[in-house]
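# Tertiary structure, described
The chain contents come next:
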Amino acid sequence: MPELMYREALNQALAEEMERDNRVFLMGEEVGRYNGAFKVSQGLLDRFGSARVVDAPISELGFTGLGVGAAMMGLRPVIEMMTWNFAILAMDQIVNNAAKLRHMSGGQLRCPIVFRGPGGAGGRLSSQHSQALEANYAHFPGLKVIAPATPADAKGMLKAAIRDENPVVMFEGERLYAIKGEVPEGEHVVPLGKADVKREGKDVSIITWSRMYYFCEEAAQQLEKEGISAEILDLRTLRPLDEEAILATVRKTNRVVIVEEGWPLAGVGASVVDLLQSKAFDHLDAPVHRVTGLDINMSYAANLEAAAQPDAPKIIAAVKKVLYREEG
Amino acid sequence: MATPVQMPALSPTMKEGKITKWLKKEGDKISSGEAIAEVETDKSNLEVEAYDDGYLLKIAVGEDQMAPVGAPIAFIGEKGEKVEAGAAAPAPKATSAEAPKATPAPAPMAPAAAPAPAPRAVAPVAAVPTPPRREEVEGRLRASPLAKKMAREQGLELAELQGTGPQGRIVKRDVEAAMAQPRAEAPAAPALRAVPAPAKKPAFIPVPFRAERQEPVAKPISSMRRVIAQRMAEVKPGVPHFYLAIEVEMDAAMKVREEAKALEAKVSVNDLVIKAAAVALRRSPKMNVSLQGDQVLQFSNVDVGIAVAIEDGLITPILKDADQKGLATISGEARDLAERARNRKLRPEEYTGGTLTVSNLGMYGIDQFIAVINPPHAGILAVGAVTDKVVVRDGQMVVRKMMSVTLSGDHRVIDGAVGAEYLRELKALLEHPMRLLF
């Protein structure tokens, strides 16, 4: 299986889907001539032309609205956000139009559209450009929210998102784009709404998604040396949550740590905790612990930025807490 | 404004109390004078009454939790009123009721040398320690949902498991540890109840052999045990004891008992001893004293304390004016006091006062022992079993029913000669019970 970077996997998915279905087009800032701010659309303009790879002005609300309209009229737009921080400007189109059209038109209108771009902290980009905003979108009925961690999932889920009949919000990551992994060639579609056990374990379940998966993996490897077997469940889709997979892992290990980059209040992890307490109460041997981004605005200083984010030592500490193996 | 209900001082020695039961729940309407909770003091269980009308807004101290005297245990106020967050935390307050010096002070906690074994058909070897009940310790039993479910499925009593999680929480590994242990059918510990059965033959209870050695189990100290420990640690160095022992021939007294049976009156040896001890006290006023502070209180009434073994301790209810009461009355009252002591239903005035304690371990087959004085009492009689013994009478060896009585006296207020005269009187009364009539 070829090893690709996350951005290359996305590029492959876009090209394959544009090849497969001529209603699919890509629009966003610098997706064309510049080949994408993060080079996800490398070569696509040359290959598919300016009608299907559209450079948009710096006007998120405007081009997102164009995309929603195009989807209503039968096309299958992929709207690239340079980062999700900028998409806050476009939120009205995503939330008030894309998410609601099917419902408000009594099924007469459809909105098969993908909004995608990087979320989370990049690196010394300060408060306005370092936000993990997936919980915001996961809040809205009518949207699907996905956040793949690996190149293979990125390809397979983007393909599934483009083929989906409903609006899908996809969180990638500036720090994910260069990560390499094996990616199946050709028709590799990962169904939305399915979590994935990325690592089997028996003592504790670490539930996570997106870039945090890599910290969890690092923590799990270290824990293994201490004789603690951690299972990692990558949610991949945040809306709808894969309840079965979540309940299955807690039934197996009885202890859960949730790791998410975003802020603690009303985070996706909080909803997972709610699910656990209501549907897996009798399977819990310890209170669920969450490792989240600190409840503060992100600092520019590198040391403060690092301190504000989850990392392997924080995850290890949380695991020991739910295993009642805390030191001291 | 919400009014706090404070932990009342229900006995003179009470410093803190444990809520054993809430009789009302949050939101209930309360009238003043109504009992709202039951409290276990160092002595007994008593009810706490509300002094205000209103609604029980908040319970600040849960069942099985301790609170110092004066600390708010609940709040009463208008319906729906909010209790300030800060107010709910029970703040220890020193409001211990100080007994005026001249009054007969708090009573007798416990003649310690005498603590009788737990009243149960005792099989000393097999005495299985009651497992610690964590509920009693920390207010509630903590267990993870999974541990609860596993214990339920395994038929394990959570209360018998040792929790190793935070704050003693019982978690999966604790249930697994319990499951791994051979389930020795522990002899169901009979509930401690009523009449201390005279130790006949120790019942045979097999001791399960356990291959694994067990760690000692840390067991929290009960309020009563704490008070006993404190007081006894003070009494022995603080009260200079002297001891006088005497043998009493009980043949005549036993005959009285037999004759009482014919009258369908149940009179025990101890009832006779109480009666005789009281009459002797009436005749030896120098013994009927109590040292309190720098005063010696001379009593004119004769009140005798009876040491009663109860679960995890002992208590000394007072049989008042015992010298003036007939044996049937003494017998009935003693039985009633002992019964209510075991159920922790004694009222404070029922274990306060007196100058002398009678502690009897005869029913356990103890021949002779020495008891620790129970201040402010000036003395304690340690009464042994009535046994057939060979004694010399008129130069001949004969068999008589003998009983030993050992007096421990407080040498600060009574002297050896006073004690000796008292014992001689007691002996004479028991050996010639007809003298009790005069």
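Residues numbered from 1 in each chain as written. Chains lettered and ligands numbered in written order. Predicted model: local features only at pLDDT ≥ 70, side-chain atom pairs only at ≥ 80, totals over all residues. Heavy atoms only, no water.

## Here's the deal with empty space enclosed by the protein
Residue and element names in this part refer to chain A.
- The full count for this structure, using the stated rule, is three cavities of 30 Å³ or more.
- For the largest cavity, the lining is made up of 14 residues, of which Ser130, Glu261, Trp263, Gly293 and Met298 are closest to its centre.
- Classifying every residue of the lining of the largest cavity gives seven nonpolar, six polar and one charged.
- As a volume, the second largest cavity reaches approximately 60 Å³.
- In terms of lining residues, the second largest cavity is bounded by Gly119, Gly120, Ala132, Glu134, Phe171, Glu172, Trp209, Ser210, Arg211, Met212, Glu260 and Glu261.
- Counted by class, the lining of the second largest cavity contains four nonpolar, three polar and five charged residues.
- Inspection of the lining of the second largest cavity shows a minimum of three residues originating in each of domain 1 (3-182) and domain 2 (196-322). (1 Å grid on protein atoms, 1.4 Å probe; cavity = no way out; pocket = protein on both sides within 12 Å on 5 of 7 lines; lining within 4 Å. Points joined across faces, edges and corners; volume = space filled by probe spheres on them. Nonpolar A, V, L, I, M, F, W, Y, C, P; charged D, E, K, R; others polar. Domains from an automatic or database assignment.)

## Quick notes on the interface of chain A and chain B
- Facing the eleven residues of chain A at the interface are twelve residues of chain B.
- For the pair chain A and chain B, the summed buried area comes to about 920 Å², and 50% of that belongs to carbon and sulfur atoms.
- It is Asp282, Asp285 and Tyr324 of chain A in chain A that bury the most area against chain B; as a group they hold 57% of the surface buried on that side.
- At the boundary of chain A and chain B, one finds zero salt bridges.
- The interface formed by chain A and chain B contains seven residue pairs in polar contact (both at pLDDT 80 or more). (Contact = heavy atoms within 4.5 Å. Buried area = accessible area lost by both parts, 1.4 Å probe. Salt bridge = Lys/Arg side-chain N within 4 Å of Asp/Glu carboxyl O. Polar contact = N/O pair within 3.5 Å; in protein donor to acceptor, adjacent residues only side chain to side chain.)

## Some details on the environment of Val204 of chain A
Residues and elements named next belong to chain A.
- Within the element layout of this structure, Val204 appears in strand 10 (residues 204-208).
- Residues Val204 and Asn254, spaced 50 residues apart in sequence, show a C-alpha to C-alpha distance of 6.8 Å.
- Apart from the residues lying within four places of it in its own chain, the contact partners of Val204 are Ile228, Ser229, Ala230, Glu231, Thr253, Arg255, Val256, Val257, Val319 and Val322. (Helix = DSSP H or I, 4+ residues; strand = E, 2+ residues; numbered from the N terminus.)

## Focus: the nonpolar core
- In terms of nonpolar packing, the biggest core is built from 66 residues, with Leu381, Tyr422, Leu426 and Leu430 of chain B touching the most fellow members.
- Among the elements that line this core, the one with the most residues is helix 6 (residues 269-283) of chain B, at ten residues.
- Those residues in contact with Leu430 of chain B, other than ones at most four positions away along the chain, are Val248, Glu249, Met250, Ala253, Leu272, Val273, Ala276 and Met403 of chain B.
- Counting residues in each nonpolar core, the second largest holds 49 residues, with Met27, Ala70, Met81 and Val272 of chain A among its members. (Core = buried A, V, L, I, M, F, W, Y, C linked by side-chain atoms within 4.5 Å. Buried < 20%, exposed > 50% of the residue type's maximum accessible area, 1.4 Å probe, protein only.)

## A look at helix 5 (residues 251-262) of chain B
Residue and element names in this part refer to chain B.
- Helix length check: helix 5 (twelve residues) gives 17 Å between terminal C-alpha atoms against 16 Å at 1.5 Å per residue, within 8%.
- Buried residues of helix 5: Ala253, Met254 and Ala260, and no others. Buried residues of helix 5, seen end-on, are gathered within an arc of 110° and therefore sit on one face of the element. In helix 5, those exposed residues whose orientation departs by more than 90 degrees from the buried face are Lys255, Glu259 and Ala262.
- In the core, the buried residues of helix 5 are packed alongside helix 6, strand 19 (396-410) and helix 8 (416-431).
- The first or second residue beyond helix 5 is Glu264, which carries a positive phi of 60°. (Expected span 1.5 Å × (residues − 1). Arc of directions from axis to C-beta.)

## Considerations on the packing of aromatic side chains
All names here are of chain A.
- Within this structure, the stated rule accounts for six aromatic pairs over all chains.
- Taken together, the ring pairs in this structure connect Tyr6, Phe38 and Tyr177 into an aromatic cluster.
- Here Arg124 stacks its cationic end above the ring of Tyr300, 4.6 Å away from the centre of that ring.
- Sitting over the ring of Tyr213, Lys198 keeps its end group 6.0 Å from the ring centre. (Phe/Tyr/Trp six-rings, centres within 6.5 Å; stacked < 30°, edge-to-face > 60°. Lys NZ or Arg CZ within 6 Å of the ring centre and 35° of its normal.)

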